[in-house]
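# Observations on the three-dimensional arrangement
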Amino acid sequence: QVHLVESGGGLVQPGGSLRLSCAASGSIFNIGDMGWYRQAPGKQRELVATITHSSSTTYAGSVKGRFTISRDNAKNTVYLQMNSLKPEDTAVYYCKAFQWEVAYWGKGTLVTVSS
């Protein structure tokens, strides 16, 4: 079983930056793809960015050029650097990881972009 814990959320002004972290613990061997998703109030959860074990990345069009996903395999941690934040980025951000084709989710961290 993989346990994921997100951190780094908070309140930030438009145009500001935040860095989210997601640490994996438990039975953490052979963790494959990892990713960040978000869910805004009243909306469905959506993909933000994904990263493979070898650090190939994909991004949603709405965050491309502003967000950067990265991972440290030695620390079993995935990061999301978020720059030029907009009010529409406000959401609960969730970490997802695959192990042996089984998906695990964290409980999420709230990001609020507001002046």
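Residues numbered from 1 in each chain as written. Predicted model: local features only at pLDDT ≥ 70, side-chain atom pairs only at ≥ 80, totals over all residues. Heavy atoms only, no water.

Before going further, it helps to spend a moment on the overall build of the chain. From N to C terminus, the chain includes zero helices and eleven strands. Secondary structure elements of the chain, listed N to C terminal, follow the sequence β-β-β-β-β-β-β-β-β-β-β. Against the compact-globule benchmark of 13 Å for 115 residues, the chain has a radius of gyration of 13 Å, which places it among compact chains. Dimensions along the principal axes, computed over C-alpha positions, put the chain at roughly 40 × 25 × 25 Å. Excluding contacts between residues fewer than 6 apart, the proportion of contacts in the chain whose partners are at least 24 apart in sequence is 53%. Put simply, the chain shows about 6100 Å² of open surface, and 50% of that area lies on carbon and sulfur atoms. (Helix = DSSP H or I, 4+ residues; strand = E, 2+ residues; numbered from the N terminus. Rg over C-alpha atoms; globule rule 2.2 N^0.38 Å. Contact = heavy atoms within 4.5 Å. Areas by Shrake-Rupley, 256 points an atom, 1.4 Å probe, with all protein chains shown as cover.)

Before going further, it helps to examine the pairing of strand S8 (residues 77-82). Within S8, five of the six residues are buried, which leaves the element mostly enclosed by the surrounding structure. Looking at chain direction, strand S3 (residues 18-26) and S8 are connected through six bridges and run antiparallel. Paired with Leu20 across the bridge in S8 is Leu80. Counted along the chain from strand S7 (residues 67-72) to the antiparallel partner S8, the turn is four residues long, and its residue Asn76 has a positive phi close to 50°. (Buried < 20%, exposed > 50% of the residue type's maximum accessible area, 1.4 Å probe, protein only. Pairing = 2+ DSSP bridges.)

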